[in-house]
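# Commentary on secondary and tertiary structure
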Amino acid sequence: MLRQIDNNEVQSVKFSKPLSDFTSSTEFIVKGLKENFRYDNQNKRTDECIGFTLRCIDPDNYDVLNIKIPKCISLTSEEVNKSDKEIYLIIPTDETIVYPWKVEYGKAQVTIEAPTASIVKE
């Protein structure tokens, strides 16, 4: 028998929803980029970059989102910081998952994970 609730705790994945439930946008403006690195068995960071966390703006309502993506784009934080133009990314919002990781006082802090992203070419 599968346990759904154990000691009044539930896995956050039970409450996950696609990003398309929260926004109609599929293009987002990149405002920051942080590399995410792999950790070894002793919890020490390696030099292997496995993805990025992108600080993005939803151009429809100016909401700020931090979206995790695998290493699928060639972009650096230096390029983001020095760019004269806004950098737009296409995120597949139907496939991007939003799930809570901390709930306090009626609000949930969430993680947003996209399977891929692509830079909009002008």
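Residues numbered from 1 in each chain as written. Predicted model: local features only at pLDDT ≥ 70, side-chain atom pairs only at ≥ 80, totals over all residues. Heavy atoms only, no water.

## Remarks on the side chain of Thr 93
As for its placement among the helices and strands, Thr 93 is situated in the loop between β5 (87-90) and β6 (97-104). Taking the relative accessible area as the measure of exposure, Thr 93 reaches 6% and is therefore buried. In this structure Thr 93 touches Pro 18, Leu 19, Ser 20, Ser 25, Thr 26 and Phe 28, once residues within four positions along its chain are discounted. (Helix = DSSP H or I, 4+ residues; strand = E, 2+ residues; numbered from the N terminus. Buried < 20%, exposed > 50% of the residue type's maximum accessible area, 1.4 Å probe, protein only. Contact = heavy atoms within 4.5 Å.)

## Things to note about the sheet that holds strand β3 (residues 45-57)
Taken in spatial order, the eight strands of this open sheet run β1-β6-β7-β4-β3-β2-β5-β8, and their pairing is mixed. The outermost strands of the open sheet, each flanked by one partner alone, are β1 (17-18) and β8 (118-119). Two elements, strand β2 (residues 27-39) and β3, share nine bridges in a ladder whose sense is antiparallel. Within the sheet, the bridge partner assigned to Val 30 lies in β3 and is Cys 56. (Pairing = 2+ DSSP bridges.)

## A short note on the confidence of the model for the protein chain
Here the protein chain shows a mean pLDDT of 88. Residues at 70 or above account for 97%. Mean pLDDT across the secondary structure elements of the protein chain bottoms out at helix α1 (residues 77-82), with 85, and peaks at β1, with 95. (pLDDT = per-residue confidence, 0-100.)

## A few points about the pairing of β3
The turn linking β2 back onto β3 is made up of five residues, and Asn 43 within it adopts a positive phi angle of 65°. Examined bridge by bridge, β3 and strand β4 (residues 64-70) share seven bridges and lie antiparallel to one another. From the neighbouring strand, Ile 57 faces β4, where its bridge partner is Val 64. Hairpin geometry of β3 and β4 is characterised by an intervening segment of six residues between the two adjacent antiparallel strands and by a positive phi of about 65° at Tyr 62.

## Overview of the pattern of salt bridges
Applying the stated rule across the entire model yields three salt bridges. Glu 48 is paired through a salt bridge with Arg 38; the nearest N and O atoms lie 3.0 Å apart. Taken together, the positions of Glu 48 in strand β3 and Arg 38 in strand β2 put the pair ten residues apart, joining distant regions of the chain. Residue Glu 48 is classed as partly exposed on the basis of its relative accessible area, which comes to 40%. (Salt bridge = Lys/Arg side-chain N within 4 Å of Asp/Glu carboxyl O.)

## What about unusual backbone geometry?
Of note in the backbone geometry, Tyr 62 takes a positive phi value of approximately 65° without being a glycine. Residue placement: Tyr 62 occurs in the loop between β3 and β4. Looking at Tyr 62, the relative accessible area reads 64%, which means it is exposed. Unlike most non-glycine residues, Tyr 105 shows phi in positive territory, near 50°. Here Tyr 105 lies in the loop between β6 and β7 (107-113). Owing to a relative accessible area of 83%, Tyr 105 belongs among the exposed residues under this scheme.

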